[in-house]
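# Summary of structural features
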Amino acid sequence: MKNFKDSFADVLFEALDGHLDKQKISLMIEKPKFEHMGDLAFPCFELAKILRKSPQGIAADLAGKNGSPFFEKIEAAGGYVNAFLEKGIVTASVIRQVLTEKEAYGDANLGNGQAITIDLSSPNIAKPFSMGHLRSTVIGNALALISEKCGYRAIRINHLGDWGTQFGKLIVAYKLWGNEEKVKQQPIKELLKLYVQFHEEAEANPELEDMGRQWFKKLEDEDGGALSLWKWFREESLKEFSKIYDLLGIRFDSTNGEAFYNDKMDRVVELLKEKKLLIESDGAQVVQLEDLPPCLIKKKDGTTLYATRDLAAAIYRHETYGSVQSLYVVGNEQSLHFKQLFSVLEKMGFTCAGGLVHIPFGMMLKDGKKMSTRKGKVVLLEEVLHEAISLALEDILKKNPDLPAKEKVARQVGTGAVIFHDLKNFRMNDIEFSLEDMLRFEGETGPYVQYTHARAASLLRKGKFAGSSGDIQLEDPEAWPVVTALMAFPEAVKRAFAEYDPSQIAKYVIELSRAFNKYYASVRFLEESSQKQARLSLAYSVTIVLKEGLRLLGIEAPKEM
Ligand code: ARG
């Protein structure tokens, strides 16, 4: 991997005669604020203290010593050494590297194949798939792809909300008012209706609550036919969720939900007892925490809780996958839960505790208000995705009616638009939901990036580009911003991973698209000239990196659209 920062560090290291080590130098190198200050800058202020010389003097000394072919000149300016890349050589070297490495360009081997578990999506069965779950799905999947790019083995876990007192209530409601046919036809809608009815009737008839608790107890004891009803609810719900996952092209390594841990919680309780962490409070079992409210482990009636299942799950994941990091992509409103969870695990002496990370995100808003799934007022996500897809199809029919595989491309563009809209901002920001904004072809949208990719791909077809061999000599000055953008990809990948922030990649592909479109407007790619092959080589590099960048976000890049 050619990294020009390293080349500059090499030059400086030689010139500094061992006064600073190479890694330290590399960390100090910055990007200058203005273009006329070159491509890389090294500040000499710290060195001035060590050498007891003026920063200006040191910079002037260092500037004279350029032994690298990659730098056109190295200059002193103020207390800085500014390096200017030799554009011709660098351009050729970057394009050659992308063309050779193809989609492996930007791979970083940080992980050495170690496992990272990623808890993502995790909707609750018998309830609609919410916008929050979509955010978790999309962010989690991107983080999985980015960590794979960084050399980790990502394990995607869909921790379904399929256990808890609410299923006791649902069983009661179904037994009292349910209808098998109706549930089969529209499982989620019908089950949600029953659940809502339960709460309405329970206000007048508190006995229902008791029945609900009893049925959950039966469920936990695997008794009285409760389990087979529950299994059915779960299967029907999963069928519905799969439609969304299929549209988005998302697969999981495990769909072990909360129920999976039912027989693994006794051990957790035993461990907590052994470590003398469990105390009784009002008949319930809790773990006391220093700066947080106590974590409830078992209720009075002996049933377990969300937190108990998460404790069992964390231990199970660590033991099963040997994961070095365990990420939980879950809305911000569950921050306290995860703080308590991690803190209990730490008290238990759980060694992976340092690798446990809650990855919160903001809300999806509609007209500035939270999109709600309660009280039957549901935004059906599947419908949202289908609408995006049909809008994309409409657009294709208008602009490119002869396009082959229109339906497929419409799906790629429609879902790509929804995903990109989610990932383009830092995840903690709230997002205003707007199909119109998502599907625009200009500005910071998925379709804009996909369109840029398709445009470059079409140049390659029309120009009958058959790969490039030999020297690449690209002389267009307008190509330089494209080259520097290509160069920045590996850093963007690493940053996105280090900060668990897919928006770094989204912003990156926007920048590369902008640079390329500007260049596209300034030259005639298809004109026969000595530059044609070199120009097309650059266009090809752009298609490779845009496609790979989109892939890391979970978005496909059609060749034509
Ligand atoms: N099912 C939960 C919800 O919808 C999210 C589960 C998140 N993952 C976890 N391990 N707690 O709120």
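Residues numbered from 1 in each chain as written. Predicted model: local features only at pLDDT ≥ 70, side-chain atom pairs only at ≥ 80, totals over all residues. Heavy atoms only, no water.

- Within an unreviewed UniProt entry, the label attached to the protein reads Arginine--tRNA ligase, and the organism entered is Neobacillus piezotolerans.
- Looking at the protein in UniProt, the text filed under Catalytic activity (unreviewed entry) is "tRNA(Arg) + L-arginine + ATP = L-arginyl-tRNA(Arg) + AMP + diphosphate". (UniProt positions renumbered as here; feature names shortened; annotations may be inferred.)

### Observations regarding the overall build of the protein
- When you go through the protein residue by residue, the secondary structure sums to 22 helices and 13 strands.
- Dimensions of the protein, computed from C-alpha atoms along their principal axes, come out at roughly 85 × 65 × 40 Å.
- Within the span of the protein, comprising 561 residues, buried residues form 54% of the whole.
- For the protein, long-range pairs separated by at least 24 residues make up 73% of all intrachain contacts whose partners lie at least 6 apart in sequence.
- As displayed, the protein offers around 26100 Å² of accessible surface, 49% of which is attributable to carbon and sulfur atoms.
- Distance between charge centres in the protein, computed from 74 positive and 79 negative side chains, equals 1 Å. (Helix = DSSP H or I, 4+ residues; strand = E, 2+ residues; numbered from the N terminus. Buried < 20%, exposed > 50% of the residue type's maximum accessible area, 1.4 Å probe, protein only. Contact = heavy atoms within 4.5 Å. Areas by Shrake-Rupley, 256 points an atom, 1.4 Å probe, with all protein chains shown as cover. Lys, Arg positive; Asp, Glu negative; His and termini not counted. Charge placed at Lys NZ, Arg CZ, Asp CG, Glu CD.)

### What about the UniProt feature "short sequence motif: 'HIGH' region" (unreviewed entry) in the protein?
- The sites that carry the UniProt feature "short sequence motif: 'HIGH' region" (unreviewed entry) are, in the present numbering, residues 123-133.
- With 27% helix and 0% strand, residues 123-133 has end C-alpha atoms that lie 6 Å from one another.

### Comments concerning a positive patch on the surface
- Among the surface-exposed residues, Arg461, Lys462, Lys547 and Lys559 lie close enough to one another that they form a single positively charged patch.
- With respect to the helices and strands, the residue Lys547 is situated in helix 22 (residues 532-553).
- With a relative accessible area of 48%, Lys547 lands in the partly exposed category. (Patch = residues over 30% accessible without salt bridge, like charges linked within 9 Å, V, L, I, M, F, W, Y side chains within 5 Å. Salt bridge = Lys/Arg side-chain N within 4 Å of Asp/Glu carboxyl O.)

### Some remarks on the pairing of strand 9 (residues 325-329)
- Most of strand 9 sits inside the fold, with five of its five residues counted as buried.
- Residue alternation in strand 9 divides its side chains into two sets, Gln325, Leu327 and Val329 and Ser326 and Tyr328, and both sets are buried.
- Taken together, the four bridges between strand 4 (residues 115-119) and strand 9 define a ladder with parallel strand orientation. Considered in strand 9, the bridge of Asp119 is made with Tyr328. (Pairing = 2+ DSSP bridges.)

### Notes on the pattern of salt bridges
- The tally for this structure, following the rule as stated, stands at 31 salt bridges.
- The residue Asp10 makes a salt bridge to Lys22 at a minimum N-O spacing of 3.0 Å. Of the two residues, Asp10 sits in helix 1 (residues 4-16) while Lys22 sits in helix 2 (residues 22-28), which places them twelve residues apart along the sequence.
- Taken together, the shared-partner salt bridges connect Asp107, Lys149, Glu548 and Arg551 into one network.

### Points about unusual backbone geometry
- Of note in this structure, Arg52 is not a glycine but carries a positive phi near 50 degrees.
- With respect to the secondary-structure elements, Arg52 resides in the loop between helix 3 (45-51) and helix 4 (55-63).
- For Glu222, which is not glycine, the phi torsion reads 55 degrees and is therefore positive.
- By secondary structure assignment, the location of Glu222 is in the loop between helix 10 (207-220) and helix 11 (226-248).
- Residue classification places Glu222 among the exposed residues on the basis of a relative accessible area of 57%.

### Points about the sheet that holds strand 2 (residues 71-77)
- If you walk across this open sheet you meet the three strands as 1-3-2, and the pairing is antiparallel. On the outer flanks of this sheet lie strand 1 (40-43) and strand 2, each paired with one strand and no other. Each adjacent strand pair in this sheet contributes to an overall mean axis angle of 20 degrees, direction not counted.
- As paired elements, strand 1 and strand 3 (residues 80-85) share four bridges and run antiparallel to each other. If you follow Pro43 over to strand 3, its bridge partner there is Tyr80. (Axes fitted to C-alpha atoms, helices over the stretch in contact; angles between N-to-C directions.)

### Digging into the nonpolar core
- Ranked by internal contacts, the top residues of the largest apolar core, which has 160 residues, are Phe8, Phe42, Leu62, Phe71, Leu512 and Leu538.
- Ignoring anything within four residues of it in the chain, the contact list for Phe42 reads Phe8, Leu12, Leu20, Ile25, Met28, Ile29, Leu47, Leu62, Gly79, Tyr80 and Val81. (Core = buried A, V, L, I, M, F, W, Y, C linked by side-chain atoms within 4.5 Å.)

### Comments concerning helix 13 (residues 306-321)
- Under the 1.5 Å per step criterion, the end-to-end length of helix 13 is 22 Å for 16 residues, consistent within 8% with the ideal 22 Å.
- Ala307, Thr308, Arg309, Asp310, Leu311, Ala312, Ala313, Ala314, Ile315 and Arg317 are the residues of helix 13 that are buried.
- Just beyond helix 13, the residue with positive phi is Gly322, at close to 55 degrees. (Expected span 1.5 Å × (residues − 1).)

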